[in-house]
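# Overview (structure and organization)
Listed here are the chains, written in short residue letters.
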Amino acid sequence: MQREIKMKFKRFTWRRGMALMLAAVMVFSLAACGSSGNSGDARQAKEWAYVPEFITMDEENTNYYEMQIVGENLYYLSYDWDEETGESSQSICKYSLADRKMTSVPIEWAEIVGDQNINRYYFLEDGSMYAVVYCYSEDYSESTQFLSKFDAEGKQIFSQDITDLAADSYLDTMMVDGEGRIYIAGDGKVWLFDAEGNNKGSVSVDNGGNTWIDALICGKDGKVYLSYSSYDGNASRYTLCEVDFDGKKTGKSYEDVPRSNSMTAGVDYDFLINDGNSLYGYNLGQKEKEYMFDWLDSDINGNSVRKFGQMEDGKVIAVVEDWENNDNGVALLTKKKAEEVPQKETILIATLGGSYDLQSKAVKFNKANTKYHISIKEYVNYDNYDENTWPDALNNLNNDITSANCPDMIDLSSLKVSQLVAKGVLEDLNPYLEKSGKLNREDFVENILNAYTYDGVLVSIPAYFNMQTVIGATSMVGSESGWTLAELIAFSNEHPGAELFDRVSKQAILQAAMMFNEDSFIDWNTGECSFDSDAFKNILEFVNKFPDEVEWEEGMDSEPTRIQNGEVLLTQAYIYDFDQLQMYDEIFKGDYTCIGFPTVDGTGGHALTTGEAYGIATKSEHKEGAWEFLESILTEEDNGRYWSGFPTMKSRLEDMAKKATEPEYVTDENGEIMKDENGEPITTQGGSSIGYEDGWSYTYRLTTQEEVDRVMELMNNARPVSYNMNDEVSKIINEEAEGYFKGQKSVDEVAGIIQNRVKIYVGETK
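Residues numbered from 1 in each chain as written. Predicted model: local features only at pLDDT ≥ 70, side-chain atom pairs only at ≥ 80, totals over all residues. Heavy atoms only, no water.

What follows deals with the confidence of the model for the protein. Per-chain confidence: the protein averages 86 in pLDDT, with 91% of residues scoring 70 or above. Ranking the helices and strands of the protein by mean pLDDT puts strand β36 (residues 614-616) first, with 97, and strand β2 (residues 23-26) last, with 31. pLDDT under 50 marks residues 1-40. Its contacts with residues more than four places away, or in other chains, come to 145 contacts. (pLDDT = per-residue confidence, 0-100. Helix = DSSP H or I, 4+ residues; strand = E, 2+ residues; numbered from the N terminus. Contact = heavy atoms within 4.5 Å.)

Have a look at this one:
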C-alpha cells in the first residue's frame, strides 16, 4: 500500500482484571438451550449441557494467555520484576486441578549468557519444559537462540545453540510428540529435534511465499500434525497433515478438516476444534466435525478461550482471558443431562457476522440474570464462506425473520433497516424507553434516535456510532453541506482536468452515488420501483466514465499531495474521533467543507454507521427480557470507552469532547509533569502522526473547540445509508450494470433489466 501509517491510532487502555482470591464457584444458572453460530434454531432443546465450574487465581502475574494444559495440571511462566535490583526473572508456575494448589519455582540457568529470555515453551507430563531461549548481547545488537530443557524444579538441563539453524526465522510454535521428540515451526519450516535437543533435520512447506504454517498440533494418537494454508492465486486452501519425523517430510494429508487454528487432542475424538462459537469433536478420515456444545451455553465467550483440552474423565478444561469483562480464569466443564440443569428463558439474537463483541456482553448478562439467557445465531459461516456467502447469509436471515424461526432480537448492523420496517418486524422501543427506570430519551443524542425512528416508531438505540462524509475545498463546493447527484455530476464536468476522487473505480463511484439514493428508486411499502427512470440512467452514464479497475504503482503521489496539486477534487473522510478533521484542515489549507454524499433532496449526506444497534422482533415472546439485555448494554459502565466511534449517550459524548480539548499531561513516577526538549509540558493528546511514502505527513495536536463543534454538527445531520453493497438489490445492480459498462447492452436495456429484477425481488420479500 502506498500509505504508511506511522503512529495514528485510536487511543484506548487495555483492561486486564485484577486477580481475585482463589475461588471455585459452581454455576447452576445455566441454560441448556443453545447459541450456536450455524446449528439451526438455538432455542431448540439439547440433550446435553456442559456445566462450568469457574476457577480464578490470586497470583498477581498469572499468565492466562500462555497457560498450557497438561493432564490435570496448568502450567505457565510468570515474569517478575525486582524494583530494587532492576532485574527481571522467570518462574515455572503449576496449578493442580486435583488439589487446587499453586506452586512456583524460579528458573535456574546453568550459566548466564547475556540477557536471557524464554520465548516459546512446552511442558511435559512430568513438569519438565522445553524452551526456545533468546540471549542478547549487552547492547542488544546481537542475539543467539538456544533450545533448552528445564526440569520440574526449574533447573536448566541442557542448552543447544540453534542460531545457525533458525537464521532470521521467527520461531512461533513448539510441539512435542508422544515419543518426546521436539518440533519447532517458523517461516514455512518445521525443525526436528530429538529429546536431547539434537537437530534431526527439517520439513519445509514453503511454496514461494504462497504457503504459511497455521499451527502444530499433537493429536490423540501422539503424532504431531501440521496445519497450513496455501494460496494458488485464486483461492486459499487449508490442509492438515502428519509430520513424518523419520522421513523429514510432510506425511498423509487431510484436506477435508474444517479450517481452524484452534485445535487440540481429544479423549473421545482425535481432535477438539473451537470455532469461537462452539466446541466440536473431529476424527481423522471423516469430513464433518461433530457438535459438542456452545460456549455461550456455559457462560463463556468462545473467542476468549486461549487454551482448551479434555481430561480422561471427559471434563473439558478452558483457559479464558476475557478482557472485555475483566473476567479471566479457568473453567472446568462437566457434561450433564440437560434436564438436570435449571432452565432459563432463551432470548435468541440473530447476527450476520458480528458475534465477537456480542458474546462478551451476552456472557456478562447471562451470569447476572436469573431469568433470561442470551443465545446467538451467527448466519455467516466463515469456515465455508465460498458456499455460504454474505448474500446467502442475508437471505437466510431474512427468511427466518419472516418465518416461525424469527429471532427475539436482530443485530441491525449491515442490514437495510427501512426494508425491515416496511415488513413490520421491528418492535417500537418508545414505550420501553418511557417505562424504563434506568434510561430516558433525553440521555441520548437526539439525531441518532431520529435516524432509527420511522413514522414515529423507534426501532433501535445504538450504543455508539461513527461517520463518513465527502470533503472538498470551500472555494470550489461552497460553505454549505449538501448537494444533489446532478450537482455532483456538474461539478465533475466543470473540472475535466482533475479526478473527482483519488484513483477510484466504477464500483467505488457507483457505491458513492447510490449511498443515500437507492431507496429513492424503491417504495418498500408498495413494492413500486423506478430503476428505468432517467435519474437512474444518469447515474449509470456518470459511473461509466470511470475506469473498471485502479492500478497502483510504486512511487505514486499520495492523496493529500494530489489534492494540494489540484489533481484530485474530493476525498472521503471517516470520522470516529474529535481529532479527525484537523488533518483535512491541513490537506485543504484551512479551506474545506464537509459537503457530504449526494442525495435526492440535496440535504447533507453524512453517512452514519452504528455499533451495537439491536432491534426487538415484534414476534418475540420475550420482549421484556430482550429490553433488559438492551438496557444492560446501554448502561454498561465500560461503554464509555469507544475504541472506534462516539457514544450515543450524551453524558459520555460530552465527556469525550471535553477530554479532546483539555490537555492531559504525562507525569513521571513522582507525579511531576514531564517536559519535552523545548521545556514544554508533554500532553497525552496529539503527537501521533500519519505519513505517506511521498513524504507528506501530519502530526496531530490538541483538538480545538471549533473542531469539536464541527464534528457535533455532522452528528446532528448524519443518517444511515440506504445502499448496502452486500444485499440482493445492490447485487442485482452491480451484476446487470456490467453489461452496460462493457458495451454489451445499452443503458436503456440495462436499466430495464434492473427494474424488472428488483421489482420481482421486492415483491417476493414483502
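What follows continues from the structure just given.
Here we come to the sheet that holds strand β11 (residues 156-161). One open sheet holds the four strands; their spatial order is β8-β9-β10-β11, and the pairing between them is antiparallel. Bordering the open sheet on either side are β8 (115-123) and β11, each of which pairs with just one other strand. Strand-to-strand twist of the sheet, defined as the mean angle between neighbouring strand axes without regard to direction, takes the value 25 degrees. Where strand β10 (residues 143-150) lies against β11, five bridges are found, and the strand directions are antiparallel. By the bridge assignment for β11, S148 is matched with S159. (Pairing = 2+ DSSP bridges. Axes fitted to C-alpha atoms, helices over the stretch in contact; angles between N-to-C directions.)

Inspection of every chain in the model, using the stated rule, returns two cavities of 30 Å³ or more. Counted as a void, the largest cavity has a volume near 80 Å³. L394, N398, S414, L415, K416, Q419, L420, N724, D727 and Y761 are the residues that line the largest cavity. Elements represented by at least two residues in the lining of the largest cavity include exactly α3 (390-401) and α4 (417-423). Of the residues contributing to the lining of the largest cavity, the split by class is four nonpolar, four polar and two charged. Counted as a void, the second largest cavity has a volume near 30 Å³. When residues of the lining of the second largest cavity are traced back to their parent elements, those giving at least two are α1 (163-166) and β14 (189-193). Of the residues assigned to the lining of the second largest cavity, the class counts are seven nonpolar, no polar and no charged. (1 Å grid on protein atoms, 1.4 Å probe; cavity = no way out; pocket = protein on both sides within 12 Å on 5 of 7 lines; lining within 4 Å. Points joined across faces, edges and corners; volume = space filled by probe spheres on them. Nonpolar A, V, L, I, M, F, W, Y, C, P; charged D, E, K, R; others polar.)

Within the element layout of this structure, V224 appears in strand β17 (residues 224-231). A relative accessible area of 1% places V224 in the buried class. For the pair V224 and V132, spaced 92 residues apart in sequence, the C-alpha to C-alpha distance is 18 Å. Each residue touching V224, except ones within four places of it in the same chain, is listed here: M175, V176, D177, Y183, L216, I217, C218, C241, E242 and V243. (Buried < 20%, exposed > 50% of the residue type's maximum accessible area, 1.4 Å probe, protein only.)

What follows is about the packing of aromatic side chains. In this structure the tally under the stated criterion is 24 aromatic pairs. Taking 5.6 Å as the distance between ring centres and 70 degrees as the angle between the ring planes, the aromatic pair formed by Y183 and F245 counts as edge-to-face. Here Y183, found in strand β13 (residues 182-186), pairs with F245, found in the loop between β18 (236-244) and β19 (249-254); they are 62 residues apart in sequence, far enough to count as distant. Exposure remark for Y183: the relative accessible area of 1% places this residue in the buried category. (Phe/Tyr/Trp six-rings, centres within 6.5 Å; stacked < 30°, edge-to-face > 60°.)

Here we come to unusual backbone geometry. Positive phi, normally seen in glycine, also occurs at D455, with a value near 50 degrees. Note that D455 resides in the loop between β30 (453-454) and β31 (457-458). Even without a glycine there, the phi angle at R503 is positive, about 45 degrees. Summarising the element assignment, R503 is placed in the loop between α8 (485-494) and α9 (506-514). What makes R503 buried here is its relative accessible area of 12%.

On to α8. The set of residues buried in α8 consists of L485, L488, I489, F491 and S492. The buried residues of α8 occupy an angular sector of 160 degrees when the element is viewed end-on, so they sit on one face. For α8, exposure combined with an orientation more than 90 degrees from the buried face picks out A486 and E494. Where α8 is buried, its residues meet α7 (474-477), α9, α10 (534-543) and β33 (570-575). (Arc of directions from axis to C-beta.)

Time to look at the environment of L540. Here L540 lies in helix α10. Given a relative accessible area of 0%, L540 falls into the buried group. C-alpha separation for the pair L540 and A737, spaced 197 residues apart in sequence, amounts to 7.4 Å.

So, on to the environment of K545. Counting through the fold element by element, K545 comes out in the loop between α10 and α11 (559-564). Sequence-wise, K545 and K506 are 39 residues apart; in three dimensions their C-alpha atoms are separated by 7.8 Å.

Now for the pattern of salt bridges. A side chain of one charge can pair with a side chain of the opposite charge when the charged atoms of the two come close. Applying the stated criterion to the full structure yields 32 salt bridges. The closest approach of N and O atoms between K623 and E427, which form a salt bridge, is 3.2 Å. Here K623, found in helix α13 (residues 623-634), pairs with E427, found in the loop between α4 and α5 (430-435); they are 196 residues apart in sequence, far enough to count as distant. Looking at K623, the relative accessible area reads 21%, which means it is partly exposed. The shortest N-O distance in the salt bridge between E567 and R562 comes to 3.3 Å. Via salt bridges that share partners, E499, D502, R503, R562 and E567 belong to a single interconnected network. (Salt bridge = Lys/Arg side-chain N within 4 Å of Asp/Glu carboxyl O.)

When you line up the elements, S128 lands in the loop between β8 and β9 (129-136). Residue S128 is classed as buried on the basis of its relative accessible area, which comes to 3%. A polar contact of 2.6 Å, which involves the side chain of S128, links it to the side chain of D126. Ignoring anything within four residues of it in the chain, the contact list for S128 reads Y122, F123, K149, F150, D151 and A152. (Polar contact = N/O pair within 3.5 Å; in protein donor to acceptor, adjacent residues only side chain to side chain.)

A few words now on the pairing of strand β28 (residues 372-378). Within a regular strand, the side chains alternate between the two sheet faces. Most of β28 sits out of view: seven of its seven residues are buried. Because side chains alternate across β28, one face comprises the buried residues Y372, I374, I376 and E378, and the other comprises H373, S375 and K377, equally buried. Bridge count between strand β27 (residues 345-351) and β28: seven bridges; the pairing is parallel. Bridging from a neighbouring strand, A350 pairs with K377 of β28. This β-α-β element, β27 to helix α2 (residues 355-368) to β28, shows right-handed connectivity. (Right-handed = clockwise from strand over helix to strand, strands pointing away.)

The subject of this paragraph is the nonpolar core. Ranked by internal contacts, the top residues of the largest apolar core, which has 84 residues, are L352, I461, M467, F578, W627 and F646. In terms of residue count, α13 provides more of this core than any other element does, six residues in total. The residues contacting I461, other than those within four sequence positions of it, are L429, L433, F444, L449, E612, Y614, W627, L630 and L634. Formed by 47 residues, the second largest nonpolar core is a distinct cluster that contains V477, I509, F536 and I754. (Core = buried A, V, L, I, M, F, W, Y, C linked by side-chain atoms within 4.5 Å.)

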